[in-house]
Amino acid sequence: QVKRLSELGRGIVIRLTEIAFPYAEPIARAVSEFTDGRQTLFILDFQKQNRDLLLKSLSVITIANALQRILPDCIVSASASTFPSTFVGLSNQEIYERQLYNEIVRHIGEENTIYCDRASVRAESQDGGGQPAPRIDNAVMTRWEFFREPDEEDKYEAYQKAAERAIDSTNWADLGIWGTEFIKRTKSGADDSIDTAQKATAARINIHLYIQSRPDTPQDTLGGEDLWED
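About the thresholds
- Residues numbered from 1 in each chain as written.
- Predicted model: local features only at pLDDT ≥ 70, side-chain atom pairs only at ≥ 80, totals over all residues.
- Heavy atoms only, no water.
- Buried < 20%, exposed > 50% of the residue type's maximum accessible area, 1.4 Å probe, protein only.
- Helix = DSSP H or I, 4+ residues; strand = E, 2+ residues; numbered from the N terminus.
- Pairing = 2+ DSSP bridges.
- Axes fitted to C-alpha atoms, helices over the stretch in contact; angles between N-to-C directions.
- Contact = heavy atoms within 4.5 Å.
- Right-handed = clockwise from strand over helix to strand, strands pointing away.
- Parallel < 35°, antiparallel > 145°, perpendicular 65-115°, else oblique.
- Left-handed = near helix turned anticlockwise from the far one by under 90°.
- Nonpolar A, V, L, I, M, F, W, Y, C, P; charged D, E, K, R; others polar.

J.: Is there a simple way to think about unusual backbone geometry in this case?
T.: The general pattern is negative phi for most residues beyond glycine and trans for most peptide bonds. Phi angles above zero are rare outside glycine, and alanine 119 is one such case at about 60°. Overall, alanine 119 belongs to the buried group, its relative accessible area being 10%. The backbone phi angle of serine 120 is positive, close to 75°, even though this residue is not glycine. Examined against the element boundaries, serine 120 turns out to sit in the loop between α4 (96-108) and β5 (135-139).

Below you can see the structure in the form of structure tokens.
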């Protein structure tokens, strides 16, 4: 597989979950037989995690050093989903994936590392359960902020209230991107506003990806996307 993929000249991505971490070095040696690693990305995927993810930074650093001894030009990313599963009484949470990345870079530098997370989506499928209470989420570089409303009968009004609270909050930034525009339309009561958890999730992910892809830009100076249409 490595031989055939390397012959395509498109690069190779190797995703390892925790159970496969002990095999990272043998896999790297196999890869080194066919490529120098300049187009090789290893994703160390921790899948579903909590704040204890930060305790695993040493294992990532150890594996990254081992991989780059064998393939000096390979890229290493650590990924996880630390997004909470319950929001009762929860107004915010740190983005532990970003903290993990910062710790890795502190030890091995950023030249051959790429920030990676699961963009707040679940690491596994969810079975059963009804729709969650209306909630609008905002993302800043290091933290999620949650604006949850009681599970009222009028979902439209509940999402509208949540959007108002999000926009009136201290860390709201009018980024001019699809996600923030969607939340603004919801606050104004527009017909094409957020009225389901799926739509709220889409807005949250759009904001999160936009911000995390610009880590060196202050949030209050981030520009908007190119012109877009629904």
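Additional details are given in the paragraphs that follow.
J.: Would you mind showing me how to read the sheet that holds strand β1 (residues 12-17) here?
T.: Strands in a sheet are paired, the pairing made by backbone hydrogen bonds, and the direction either parallel or antiparallel. Read across the open sheet, the three strands follow the order β1-β2-β3; overall the sheet is parallel. Of all the strands in the sheet, the pair left with one neighbour each is β1 and β3 (75-81). Mean inter-strand twist for the sheet, computed between neighbouring axes without regard to direction, equals 20°. Here strand β2 (residues 40-48) runs beside β3; their pairing, made up of six bridges, is parallel. Paired with phenylalanine 42 across the strands is valine 76, a residue of β3. The strands touched by helix α2 (residues 24-32) within the sheet are β1 and β2, with β1 carrying the most contacts at an inclination of about 165°. Against the sheet, helix α3 (residues 57-70) engages β2 and β3, with an angle of about 160° to β2.

J.: Help me understand the pairing of β2, please; the structure alone is not making it clear to me.
T.: Put simply, side chains in a regular strand alternate between the two faces of the sheet. With six bridges joining them, β1 and β2 adopt parallel strand pairing. Along β2, the bridge assignment pairs leucine 16 with leucine 44. On the question of chirality, the crossover connecting β1 to the parallel β2 by way of α2 is right-handed. For the crossover from β2 across α3 to β3, the handedness is right-handed.

J.: Where do I start with the packing of helix α5 (residues 155-167) against helix α6 (residues 178-188) in this structure?
T.: For any two helices packed against each other, one specifies the crossing angle of their axes together with the interaxial distance. Following both chains from N to C, one finds α5 and α6 inclined at 120°, their axes separated by 8 Å at the closest point. The orientation of α5 relative to α6 falls into the category oblique. By crossing handedness, the relation of α5 to α6 is classed as left-handed. Contacts between α5 and α6 pair Tyr159, Gln160, Ala163, Glu164 and Ile167 from the former with Ile183, Lys184, Thr186, Lys187 and Ser188 from the latter. Split by residue class, the contact of α5 with α6 holds four nonpolar, three polar and three charged.

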